[in-house]
Amino acid sequence: MEQKKWILTVVLAFMVALLPLTFIILESNQVQHLYMGELTNMILDKLGGWVSGNRDLGIDEAAQSKVIGPNLTACHPSYGRPDLLVYCCPPGFETPVPVVDFKFPDPQSSVRVRRPAHLLDESYIAKYNKALSIMKSLPYDDPRSFARQANLHCLFCTGAYEQQNSDTALSIHRTWLFFPWHRMMIYFHERIIGSLIGDDTFAFPVWTWDIPEGMMMPDFYVNRSLAFFHTQRDFSHFPPQLADLDYFADVNISRAEQLDENLAFMYNQMVSGARKTELFMGCTYKANDGYCNGPGTVESAPHNTLHTWVGSNLNPGREDMGKFYSAARDPIFYAHHANIDRLWEVWRDIHKHELDIKDPDWLNSFFYFYDENLKLVKTKVRDVLDISKLGYSYEEVDRPWLNKRPSPSVPPKLARQMLKSKENENQFQSSSNHVSSSDFRPHGRALDTSLTVKVYRSKDHLIKREKGEEETIVVHGIEVKGDAYVKFDVYVNMVDETKISPKFREFAGTFAHIPGAGEMMKKKINLKLGISELLKDLEADEDESIWVTLLPRTASCSNVIIEGIEIEYIK
């Protein structure tokens, strides 16, 4: 025993002697070492049980933290599809490497201005093409290489990494981390691209598919002679085809009608359906609370819909863009997400930043990215909330969808009379796809055909409205089986099934789902759709109940089971 105590005394003295040197290194280089807590824990394990009262203090505190962050030394194969095991872990991930904390770029440096892709000139395209060609030529062991950059999306979106201080897989999709994580990825990718050609003003092109001039796939992405061209796309969607922001299948409509539908759809996803933070940003995702699995409006669509629209119709999961593990292999991914990032800023601007998240667990959640100097940078969500400090901006473009508030397909008074008449004549109850109960538990209900349900509102909904609470339809307990893209739409008080379009006010929103791999992303989903403005426009805001219709848009909806539909209120 005396010998063990002597050894402990010597080891502790040695550790104390090294502390000053350690602090000098940390302060001079701003370098910290990953998982020092694990190293300390290992040393204490070897020393025995004398300090057992103190040894787990740091670990306990870490375990209680709700901050999300990856354990870079805990990476494993993950499923790109249920039938496809993929390996996207970086070389040598088992060995911790030095990291630096994020620093804002020099405020005196030039601002990188991201411009709409359709406005870019030949000089810019040639410059970007050169940089992308260099990036694609870099070896895989270089984290700046295009293959390694693409695999970042695979790593963080398929559950390849585990969370720190936990064996729980990490995935940023369908959560409130969707926007900030992609901002980080684009930010570092952009700076790497610029550094490869010695241009510290280089800024990404933006595929502005939300405005009429930008709704086609940008020309230089379909030019076979350039590095932007990608074979794993749906060639039938190349220009002059307009993007379908509400995509479920190819439909034969005029360009004018497609444009109108896109703008009306954008209004719903950015304005009337996104009046509260959770509805736009996605569900609250914290460590030790489990995966929440609830996307915001824009992530569901146009984000998911356009990923699917671009991906190849010849591949089982419409790869590359149609699956999380492969999406970033397509160069257009970055222009697509530049627009997603721009729309986050637009939404914040619409609400004058009053709906910004203040939760410290969100603000302090963090990820790691290599920068243009091959340094691994620890970046927190709070670091990327002010794009002016990040040194980039977006060229201003019109927002025509702001003025595309839909009108009812049928005059509201006539619609209410028709609904009341159908109910009195038992037309709803006599049909198998019209049901009186909105709760389908315990077995759930398959969505193999359209489903109309009478849903009762809160008795004090008028009081809640006066308090500014947003009324929401919640389709809860959505279970998606299989691996096909799934889409169904939600309508309120629909009386004419020939008039089904985002152009009509009865459209409440959509469920556009790219199935993820791994058990965590198979968790049942709650779809939340804000309807306060919709109910006002339908003159149904004082009714005690509404009729909610779920309309399958893809054949894969037969593999969807829901537990019920209800109304909730978000403060």
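Keep in mind it's a predicted model, so treat the numbers as computed, not measured.

Trainee: Describe unusual backbone geometry, and please don't skip the residues or the numbers.
Mentor: Here Pro-239 and Pro-240 are connected by a cis peptide whose omega angle stands at 15°. As for its position among the elements, Pro-240 is in the loop between β8 (205–206) and α7 (255–272). Cis geometry is adopted by the peptide bond preceding Pro-442, which originates at Arg-441 and carries an omega value of 10°. Its location among the elements puts Pro-442 in the loop between β12 (434–435) and β13 (445–446). Even without being glycine, Arg-174 reaches a positive phi, approximately 60°. Here Arg-174 is to be found in the loop between β7 (161–163) and α6 (178–196). Positioned with a positive phi, Asn-493 is a non-glycine residue whose angle comes to about 55°. When you line up the elements, Asn-493 lands in the loop between β16 (486–492) and β17 (507–513).

Trainee: Please give an account of the nonpolar core that cites residues and values.
Mentor: Core analysis: the largest hydrophobic core is formed by 121 residues, its most contacted members being Met-270, Trp-362 and Phe-367. Broken down by element, this core gets its largest block of residues, 11 residues, from α6. In contact with Met-270, other than residues within four places in its own chain, are Phe-280, Val-298, Leu-343, Val-346, Trp-347 and Trp-401. Core analysis: the second largest hydrophobic core is formed by 32 residues, Ala-508, Leu-529, Ile-531 and Ile-567 among them.

Trainee: Got a sec to walk through the packing of aromatic side chains? Specific residues and values, please.
Mentor: Inspection of every chain in the model, using the stated rule, returns 37 aromatic pairs. Ring plane angle 55° and centroid distance 5.2 Å describe the contact between Tyr-128 and Phe-202, whose orientation is recorded as tilted. Of the two residues, Tyr-128 is situated in helix α4 (residues 122–137) and Phe-202 in the loop between α6 and β8; the sequence distance between them amounts to 74 residues. Residue Tyr-128 shares its accessibility class with Phe-202, and that shared class is buried. Where Phe-333 meets Tyr-334, the ring centres are 5.0 Å apart and the plane angle is 75°; that geometry is what we call edge-to-face. Judged on exposure class, the residue Phe-333 and its partner Tyr-334 are both buried. Chaining the aromatic ring pairs together yields one cluster made of Tyr-124, Tyr-128, Phe-146, Phe-202, Phe-204, Phe-220, Tyr-221, Phe-228, Phe-333 and Tyr-334. Of note, Lys-378 hangs over the ring of Phe-366, and the distance from its end group to the ring centre comes to 4.4 Å.

What counts as what
- Residues numbered from 1 in each chain as written.
- Predicted model: local features only at pLDDT ≥ 70, side-chain atom pairs only at ≥ 80, totals over all residues.
- Heavy atoms only, no water.
- Helix = DSSP H or I, 4+ residues; strand = E, 2+ residues; numbered from the N terminus.
- Core = buried A, V, L, I, M, F, W, Y, C linked by side-chain atoms within 4.5 Å.
- Buried < 20%, exposed > 50% of the residue type's maximum accessible area, 1.4 Å probe, protein only.
- Contact = heavy atoms within 4.5 Å.
- Phe/Tyr/Trp six-rings, centres within 6.5 Å; stacked < 30°, edge-to-face > 60°.
- Lys NZ or Arg CZ within 6 Å of the ring centre and 35° of its normal.

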